[in-house]
Amino acid sequence: MSLSLSFGSSPSLDPYRLPRHVAIIMDGNGRWAKRRGLPRVVGHRRGVEVARKIVIKAREIGIAYLTLFAFSKENWQRPQTEVLNLLKLLEEYLKSELPTLIDKEIRFKMIGDLEDFPESLRELILRVERETSAFTKMTLVLALSYSGRAEIFKSLRAIAELVQKGLLAPQDLTDETIRKYFYFPELPDPDLLIRTSGEHRISNFFLYQLAYTELYFTSTLWPDFTEDEFLKALIDYQNRERRFGKIYEF
Ligand code: IPE
Ligand code: IPE
Ligand code: MG
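Here is a short report on the structure shown in this document. For clarity, every value in this text was computed on a predicted model and none was experimentally measured. Numbering of residues starts from 1 in every chain and runs along the sequence as written. Each chain takes a letter, starting from A, and each ligand takes a number, starting from 1, following the order in which they are written. Only residues with pLDDT of at least 70 get local features here, since the model is predicted, and only at 80 or more are side-chain atom pairs given and counted; chain-wide, interface and lining totals rely on the full set of residues. Heavy atoms from the whole structure form the basis of all side-chain values; hydrogens and water molecules are not counted.

**Notes on a positive patch on the surface**
Stated precisely, the cut-off is as follows: Two joining distances apply to patches: 9 Å for like charges and 5 Å for nonpolar side chains (Val, Leu, Ile, Met, Phe, Trp, Tyr), and every residue must have over 30% relative accessible area and no salt bridge. Areas reported as accessible are Shrake-Rupley estimates using a 1.4 Å probe. Residue values count occlusion only from the protein chains shown. Within this document, salt bridges are pairs made up of a side-chain nitrogen of Lys or Arg and a carboxyl oxygen of Asp or Glu, the two lying within 4 Å of each other. Here Asp and Glu are counted as negative and Lys and Arg as positive; His is not counted, and neither are the chain ends. Every charge is mapped to an atom, namely NZ of Lys, CZ of Arg, CG of Asp or CD of Glu. Numbering of helices and strands runs from the N terminus, with a helix taken as a DSSP run of H or I at least four residues long and a strand as a DSSP run of E at least two residues long. The cut-offs for exposure are 20% and 50% of the maximum accessible area for each residue type, with area from a 1.4 Å probe on protein chains only; residues under the lower value are buried, those over the upper are exposed, and the others partly exposed.
Taken together, R35, R36, R46 and K53 make up a surface patch of like positive charges. Topologically, R36 is positioned in the loop between α1 (29-35) and α2 (40-61). You can call R36 partly exposed: its relative accessible area is 43%.

Given below as structure tokens:
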């Protein structure tokens, strides 16, 4: 393999044991700015730059699915100016990143409630999805107005309707049926979840899908997160033994 995947003097990444799906809770933009006496939006702006770099790095490494939690359903409750700034940054990111996504053959997919966004942004999101839909090198998933509970509710409602119409018997309900009504049914469960900023919580992200995900917490604030730290998290993941409730005797 011609890729350089080594991290400083530490062992390098094993390209054959990569996590298929890495999810990141990009947290700490506000605190990063506050510590510098700057408005929160400066932290968000810098956070977008970091996200850009990590996307490129993930693609270079060969990660199949990268999900970035960019805006939660609960984040709408922040002050209006902050929400507007975040929407503006999202628009700028999608517009400026589309050529890169095309160049790197990255498919883009949003998960979350599209109807929560203003029409111009909805159209932009759908356009980026459409124009990248045929790419297979990597799938970049952006969680926008996303809530794990809302996703489960969405599926429960759809299933309740099927049962009500007599199209599904309760005993025939499977894991597959539940996922069928999620935002992006083909998305495999995350193998690795990274959360920056020192918070040790899930904050309503991927509640159903995290059942056996390896969790990696770092105190680094998202605007300070680097490609090297991303590699470090991947190497840490590769040094873990995933048991899935079983035991491995030898
Ligand atoms: C993450 O940074 C970005 C979003 C949630 C949109 P925060 O804005 O949550 O930053 P902190 O956690 O307040 O430092
Ligand atoms: C989680 O961060 C959501 C995103 C990173 C988009 P929050 O900053 O919103 O989460 P809490 O409030 O600390 O749990
Ligand atoms: Mg936060």
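**Some thoughts on the site of ligand 1**
Threshold: By convention in these notes, a residue is near a molecule or strand provided one of its non-hydrogen atoms lies within 4 Å of it. Within 3.5 Å is the distance limit for a polar contact, defined as a pair of N or O atoms, with the added protein rule that one can donate a hydrogen and the other accept it, and that residues adjacent in sequence qualify only through two side-chain atoms. Put simply, Ala, Val, Leu, Ile, Met, Phe, Trp, Tyr, Cys and Pro go in the nonpolar bin, Asp, Glu, Lys and Arg in the charged bin, and everything else, Gly too, in the polar bin.
In the vicinity of ligand 1 there are 13 residues, among which D27, G30, R31, R40 and R78 approach most closely. In the environment of ligand 1, an oxygen atom lies 2.8 Å from a nitrogen or oxygen atom belonging to the side chain of D27. Here an oxygen atom of ligand 1 and a backbone polar atom of G30 are 2.9 Å apart. The protein chains hide 86% of the 370 Å² of surface that ligand 1 would expose on its own. Elements supplying a minimum of two residues to the shell around ligand 1: α1, α2 and α3 (80-103). The element contributing the most residues to the shell around ligand 1 is α1, with three residues. Looking at the shell around ligand 1, its residues break down into three nonpolar, five polar and five charged.

**Digging into the nonpolar core**
Applied cut-off: Buried Ala, Val, Leu, Ile, Met, Phe, Trp, Tyr and Cys residues that are joined via side-chain atoms within 4.5 Å together make up what is termed a nonpolar core. Between two residues, a contact is recorded if the distance between any of their heavy atoms is within 4.5 Å.
Counting residues in each nonpolar core, the largest one holds 48 residues, and the members touching the most others are I24, L140 and F230. Apart from residues lying up to four places away in sequence, F230 is in contact with V22, I24, I54, K57, A58, I61, I194 and F225. Core analysis: the second largest hydrophobic core is formed by 15 residues, Y65, I111, V141 and L210 among them.

**Brief notes about the environment of I235**
Structurally, the position occupied by I235 is in helix α7 (residues 227-238). The class of I235 is buried, set by a relative accessible area of 9%. The sequence separation of I235 and L18 amounts to 217 residues, and the corresponding C-alpha distance is 9.0 Å.

**Overview of the sheet that holds strand β2 (residues 65-72)**
Put simply, the test is: Pairing between strands requires that DSSP locate at least two bridges from one strand to the other. In this analysis an axis means a line fitted to C-alpha atoms, helices contributing only their contacting stretch, and an angle means the value between N-to-C directions, from 0 to 180 degrees.
One open sheet accounts for six strands, arranged β3-β4-β2-β1-β5-β6; its pairing is parallel. Edge positions in the sheet fall to β3 (106-111) and β6 (214-217), since each has one partner strand and no second. When the angles between neighbouring strand axes are averaged without regard to direction, this sheet yields 20°.

**Side note on the layout of surface pockets**
One way to see where empty space is left: roll a probe the size of a water molecule over the atoms. We apply this condition: Residues are called lining when one of their atoms sits within 4 Å of a cavity or pocket point, these points coming from a 1 Å grid over the protein atoms alone, where a cavity is a set in which a 1.4 Å probe fits but cannot get out and a pocket is an open set with protein on both sides within 12 Å along at least five of seven lines. Grid points are joined across faces, edges and corners, and a volume is the space filled by probe spheres set on the points.
What the largest pocket holds in volume is close to 760 Å³. Lining the largest pocket we find 33 residues, and of these M26, F69, A70, F71 and N75 sit closest to its centre. Taken together, the elements giving at least two residues each to the lining of the largest pocket come down to α1, α2, β2, α3 and β4 (138-146). Here the residues of the lining of the largest pocket are counted per class, giving 16 nonpolar, nine polar and eight charged.

**So, the packing of aromatic side chains**
To keep it simple, the criterion reads: Within 6.5 Å between ring centres, the rings of Phe, Tyr and Trp (the latter by its six-membered ring) count as paired, and their orientation is classed by plane angle as stacked under 30 degrees, edge-to-face over 60, tilted in between. Whether a charge lies above a ring is judged from NZ of Lys or CZ of Arg, which has to be within 6 Å of the ring centre and within 35 degrees of the ring normal.
A full pass over the atoms with the stated rule returns 11 aromatic pairs. On the numbers, 5.5 Å between centres and 50° between planes, the contact of Y212 with F244 is tilted. Residue Y212 is located in the loop between β5 (192-195) and β6, and its partner F244 is located in the segment after α7; the two are separated by 32 residues in the primary sequence. Judged by relative accessible area, which is 48%, Y212 ranks as partly exposed. Between K109 and the ring centre of F184, over which it is positioned, the NZ or CZ distance is 5.3 Å.

**Things to note about a nonpolar patch on the surface**
On the surface, Y212, F244 and Y248 cluster together into a nonpolar patch covering about 330 Å² of accessible area. Mapping Y248 onto the fold places it in the segment after α7.

**Remarks on the packing of α2 against α3**
Our working rule: Should an angle lie under 35 degrees it is considered roughly parallel, over 145 roughly antiparallel, and from 65 to 115 roughly perpendicular; all remaining angles are considered oblique. Whether a crossing is left-handed or right-handed is set by the direction in which the near helix is turned from the far one by less than a right angle, anticlockwise for left-handed and clockwise for right-handed.
Contact geometry of α2 with α3 gives a least axis separation of 10 Å together with a crossing angle of 25°. Here α2 lies roughly parallel to α3, going by the angle between them. In the crossing of α2 with α3, the sense of the turn from one axis to the other is right-handed. Taking contact as the criterion, the partners of R40, V41, H44, R45, V48, R52, V55 and I56 in α2 are, on α3, E82, N85, L86, L89, E92, Y93, S96, E97 and T100. Partitioned by chemical class, the residues of the contact of α2 with α3 number seven nonpolar, four polar and six charged.

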